[in-house]
Amino acid sequence: MTSELFSPLTLRSGQVLKNRIAKAAMEENMAGDGQLPDRDLLSLYRRWAAGGTGLLITGNVMVHAEALTGPAGVVLDAHAPLEPFAQWAKAGKSGGGAIWMQINHPGRQVASDMPGVVWGPTDIGVSLGKHSSRFGRPTAMTAQQIADTVTRYAVTARRAEEAGFDGVEIHAAHGYLLSQFLSPLVNKRTDRWGGSPSNRARMLLDIVRAVRATVSPSFAVAVKLNSADFQRGGFGADDARQVIEMLAPLGVDLVELSGGSYESPAMTGRPADDRTQAREAYFLDLAQDLVSTSPLPLMLTGGITRRATAERVLDSGVSVLGMGTALAVTPDLPERWRQGREADRAMRPVTWSDKALASAASMAQVRHQMRRLARGGTTRPGTHPAIALLSEHRKQRRALRGYRAWLSKSRPTA
């Protein structure tokens, strides 16, 4: 047994993770009434908590009620009741590990049929060829909207701590709002938020400062960052290195490395530029380059399914390994590794040539497994991706009706 895999990690905040295995964030899209965590989501996290991970990171929780990645997204803002979140935190910690809330704003990655706002650093929309109309056309954010969004992140982080979460992870990857500001392809601003790497990182850095100022010193603050966007001329490894250096003095505990966006879904192993085709540990080569210079501990997520791969990741100098799909299929995989066993099933691969559609089907497959786990059942990773995608579409249509009604009746406008 490699001792490091199951050894504790002490973070800058003083928080101790019981081992180096984390459940990375996966967008559950399982909110109940009022865009709140409900019984199914709590049940799902109890399953994961019992599986032996040292850290659970929730799927992205929205900081702005009028800007959701999907109609069944969870919202924690100044108006949300805290008790459902306290129950979620309790469920996540029931196995003795830590739970962090990933907090996020979608920016321009909002479906065109969603109510609310579609914002970005500029008015450049998501480019997906024939699928581009799936997303709304963004408007460039004003200085006041940027300032208000920074405040929203801080409010959500403070309330997450009040609910009992052990930390937050600020999502600045996968093409969401903060990733859009970091991207030279999307951020064409000519003011203090555009141009140089430090200007493009300004919003992220302001959010980290605001969050760290409003939470206690022992509360963990992490950032999820793309190692690369996998688009020609986009955010790359050199940019990631500079951002990590900028984050270092701000009290960040951990930086999680991933990659890609809806335009180049490298996080599902299907980048637009085909630079990562590894079936496991998609971003390890890029991470190894960053480990040698990073002043902060790094977490690597993407395609890790076997213990041998996990050990190779840690041997590279990465401090924490993150798994998503593998834990959606086998929620007790860390405990299996501890016992010398491996997973006995794997997700059915999606080999469709349409990368955007294949990425959507892959995410639908994962959500299908999570819903089965939430109901106390076993997973069925052999489900055909087309069936999973159709089922997901039906659920999202129902959720959209509920979200529209809730937003129109219950929430103040932005």
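These numbers come from a predicted model, not from an experiment.

Student: Tell me about the confidence of the model for the protein, residues and numbers included.
Tutor: Low pLDDT means the predicted coordinates in that region are not meant to be read closely. On average, residues of the protein carry a pLDDT of 91, and 91% of them reach 70 or more. In the predicted structure, residues 265–279 sits below a pLDDT of 50 and forms 52 contacts with residues beyond four places in sequence or in another chain.

Student: Could you give me a rundown of empty space enclosed by the protein, with the residues and numbers involved?
Tutor: Per the counting criterion, the structure on display carries 2 cavities of 30 Å³ or more. The calculated volume of the second largest cavity comes to roughly 60 Å³. If you go around the second largest cavity, the residues you meet are Glu 27, Glu 28, Asn 29, Met 30, Ala 31, Leu 41, Gly 59, Asn 60, Ala 72, Gly 73 and Val 74. Looking at the lining of the second largest cavity, its residues break down into 5 nonpolar, 4 polar and 2 charged.

Student: Break down the nonpolar core for me, with residues and values.
Tutor: Judged by nonpolar contacts, the single largest core of 92 residues is most densely connected at Phe 85, Ile 170, Met 203, Leu 204, Leu 247 and Leu 321. Those residues in contact with Leu 247 that sit more than four places away from it in its chain are Leu 204, Leu 205, Val 208, Val 223, Val 252, Val 255 and Leu 296. Listed in part, the 15 residues of the second largest apolar core include Leu 11, Ala 22, Trp 100 and Met 299.

Student: Can you tell me about the environment of Ser 13, naming the residues and giving the values?
Tutor: Among the structural elements, Ser 13 can be located in the loop between strand S1 (9–10) and strand S2 (16–17). Every residue in contact with Ser 13, bar those within four places of it in the chain, is listed here: Arg 212, Pro 217, Ser 218, Phe 219, Ala 220 and Asp 253. Here the side chain of Ser 13 touches Gln 15 through a polar contact of 3.4 Å, landing on its backbone nitrogen.

Student: Just give me the short version of unusual backbone geometry, but keep the residues and values in it.
Tutor: The residue Asn 29 is not glycine, and still its phi comes out positive at about 50°. Tracing the chain through its elements places Asn 29 in the loop between strand S3 (21–23) and helix H1 (39–49). Under the relative-accessibility criterion, Asn 29 is labelled buried at 6%. In the Ramachandran plot, His 174 falls in the positive-phi region, its phi being about 60° despite a non-glycine side chain. For His 174, a relative accessible area of 11% corresponds to the buried category.

Student: Residues and numbers for the packing of H1 against helix H2 (residues 83–92), please.
Tutor: One can describe the packing of H1 onto H2 by two numbers: an axis separation of 7 Å at closest approach and a directional angle of 20°. Here H2 runs roughly parallel to H1, going by the angle between their axes. Helix-helix and strand crossings are classified by hand; for H1 and H2 the assignment is right-handed. Contacts from Leu 41, Leu 42, Tyr 45, Arg 46 and Ala 49 of H1 reach H2 at Pro 84, Gln 87, Trp 88, Ala 91 and Gly 92. By residue class, the composition of the contact of H1 with H2 is 7 nonpolar, 2 polar and 1 charged.

Student: Help me get a handle on the layout of surface pockets, residues and values and all.
Tutor: Volume-wise, the second largest pocket comes out at about 720 Å³. In terms of lining, the second largest pocket is formed by 28 residues, of which the most central are Ala 111, Arg 134, Ala 360, Arg 367 and Gln 396. Elements that contribute at least two residues to the lining of the second largest pocket include exactly helix H12 (355–374) and helix H13 (385–410). Grouping the constituent residues of the lining of the second largest pocket by class yields 14 nonpolar, 8 polar and 6 charged.

Student: Go over the pattern of salt bridges with me, naming the residues and quoting the values.
Tutor: Under the criterion given, the structure shown has 19 salt bridges. Of the charged contacts in the structure, one is a salt bridge between Lys 93 and Asp 166, with a shortest N-O distance of 3.7 Å. Linking Lys 93 in the loop between H2 and strand S6 (98–104) with Asp 166 in the loop between helix H3 (143–163) and strand S9 (167–172), this pair joins segments that are 73 residues apart in sequence. Note that Lys 224 is salt-bridged to Glu 256, the shortest N-O span being 3.4 Å. A residue pair is termed long-range when its members are at least 10 positions apart, and Lys 224 in strand S10 (residues 220–228) and Glu 256 in strand S11 (residues 254–259) qualify at 32 residues. Its relative accessible area of 2% is what places Lys 224 among the buried residues. According to the relative accessible area criterion, Glu 256 is buried, its value standing at 1%. Through salt bridges with shared partners, one network takes in Glu 27, Arg 367, Arg 371 and Glu 392.

Rules of the game
- Residues numbered from 1 in each chain as written.
- Predicted model: local features only at pLDDT ≥ 70, side-chain atom pairs only at ≥ 80, totals over all residues.
- Heavy atoms only, no water.
- pLDDT = per-residue confidence, 0-100.
- Contact = heavy atoms within 4.5 Å.
- 1 Å grid on protein atoms, 1.4 Å probe; cavity = no way out; pocket = protein on both sides within 12 Å on 5 of 7 lines; lining within 4 Å.
- Points joined across faces, edges and corners; volume = space filled by probe spheres on them.
- Nonpolar A, V, L, I, M, F, W, Y, C, P; charged D, E, K, R; others polar.
- Core = buried A, V, L, I, M, F, W, Y, C linked by side-chain atoms within 4.5 Å.
- Buried < 20%, exposed > 50% of the residue type's maximum accessible area, 1.4 Å probe, protein only.
- Helix = DSSP H or I, 4+ residues; strand = E, 2+ residues; numbered from the N terminus.
- Polar contact = N/O pair within 3.5 Å; in protein donor to acceptor, adjacent residues only side chain to side chain.
- Axes fitted to C-alpha atoms, helices over the stretch in contact; angles between N-to-C directions.
- Parallel < 35°, antiparallel > 145°, perpendicular 65-115°, else oblique.
- Left-handed = near helix turned anticlockwise from the far one by under 90°.
- Salt bridge = Lys/Arg side-chain N within 4 Å of Asp/Glu carboxyl O.

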